[in-house]
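Listed below, chain by chain, are the residues.
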Amino acid sequence: MSRRTTGPTTAGAARCTVTVCRGCCCGTAKIPGLDHAGQLAQLRQALPDSAQVRVTGCLDACEHGNVIVVQPSATGRAAGGRPVWLGLVNDADAADDIAAWIAAGGPGLADPPGVLDLYEFTPSRRIRRAVEG
């Protein structure tokens, strides 16, 4: 399992952080029918001021690939927001839903669009600790 990341650690970050798994399964041909590079570009283009979008190696939740973790801003965390793990994000429209939620404030500050409930999952405690720091 690789833990390579791009971008700084985000504990207490002023903006939300969107961590996009691009490890052994996520973002590869193992998950067909989605423009993986296009999904990442779509998130980066939609969220330049609202969130930091970073890529990481395998998050060890392959059964939920493609995985995206939305971490709250410092303000969202102070309001009770916690990281939200989204799995099976294999629909082109999902990036738009994620971006709209974050633009509205993200975890702790805005309710996610109802469709994101279909993607949300709870990873093991070990995996959460490694990513959420």
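Owing to the predicted nature of the structure, the values given are computational and were not obtained by experimental measurement.

## Observations regarding the overall build of the protein
- Along its length, the protein carries four helices and five strands.
- For the protein, the α and β elements follow one another from N to C terminus as β-α-β-β-α-β-α-β-α.
- When each of the 133 residues of the protein is scored for burial, the buried share is 46%.
- Sequence separation of at least 24 residues holds for 73% of the intrachain contacts in the protein that already meet a minimum separation of 6.
- When the accessible surface of the protein is totalled, it reaches about 6,500 Å², and 52% of it is carbon and sulfur.

## So, the packing of helix H1 (residues 36–46) against helix H3 (residues 92–103)
- At their nearest, the axes of H1 and H3 sit 10 Å apart, and the two run at 20° to each other. As far as their axial angle goes, H3 and H1 are roughly parallel. Both H1 and H3 take part in a crossing whose hand is right-handed. Between H1 and H3, the contacting residues are Gln-39, Gln-42, Leu-43 and Ala-46 on the first element and Ala-92, Ala-95, Asp-96, Ile-98 and Ala-99 on the second.
- Among the residues forming the contact of H1 with H3, the class breakdown is six nonpolar, two polar and one charged.

## As for unusual backbone geometry
- A cis amide bond, omega 0°, links Gly-65 with the succeeding residue Asn-66.
- Residue placement: Asn-66 occurs in the loop between strand E2 (51–56) and strand E3 (68–71).
- Of note in this structure, Asp-60 is not a glycine but carries a positive phi near 65°.
- Its location among the elements puts Asp-60 in the loop between E2 and E3.

## Focus: the nonpolar core
- With 23 residues, the main nonpolar core has Val-18, Leu-43, Leu-47, Ile-68, Ile-98 and Ile-102 as its most contacted residues.
- Put simply, the parts of the chain that give this core at least two residues each are strand E1 (16–21), H1, E2, E3, strand E4 (84–86) and H3.
- Ignoring any residue separated from it by four or fewer positions in sequence, one finds Ile-68 in contact with Val-18, Thr-19, Val-20, Gln-39, Leu-43, Val-84, Trp-85, Leu-86, Val-89 and Ile-98.
- Of all hydrophobic cores here, the second largest spans nine residues; its members include Cys-26, Ala-61, Trp-85 and Ile-127.

The rules behind these values
- Residues numbered from 1 in each chain as written.
- Predicted model: local features only at pLDDT ≥ 70, side-chain atom pairs only at ≥ 80, totals over all residues.
- Heavy atoms only, no water.
- Helix = DSSP H or I, 4+ residues; strand = E, 2+ residues; numbered from the N terminus.
- Buried < 20%, exposed > 50% of the residue type's maximum accessible area, 1.4 Å probe, protein only.
- Contact = heavy atoms within 4.5 Å.
- Areas by Shrake-Rupley, 256 points an atom, 1.4 Å probe, with all protein chains shown as cover.
- Axes fitted to C-alpha atoms, helices over the stretch in contact; angles between N-to-C directions.
- Parallel < 35°, antiparallel > 145°, perpendicular 65-115°, else oblique.
- Left-handed = near helix turned anticlockwise from the far one by under 90°.
- Nonpolar A, V, L, I, M, F, W, Y, C, P; charged D, E, K, R; others polar.
- Core = buried A, V, L, I, M, F, W, Y, C linked by side-chain atoms within 4.5 Å.

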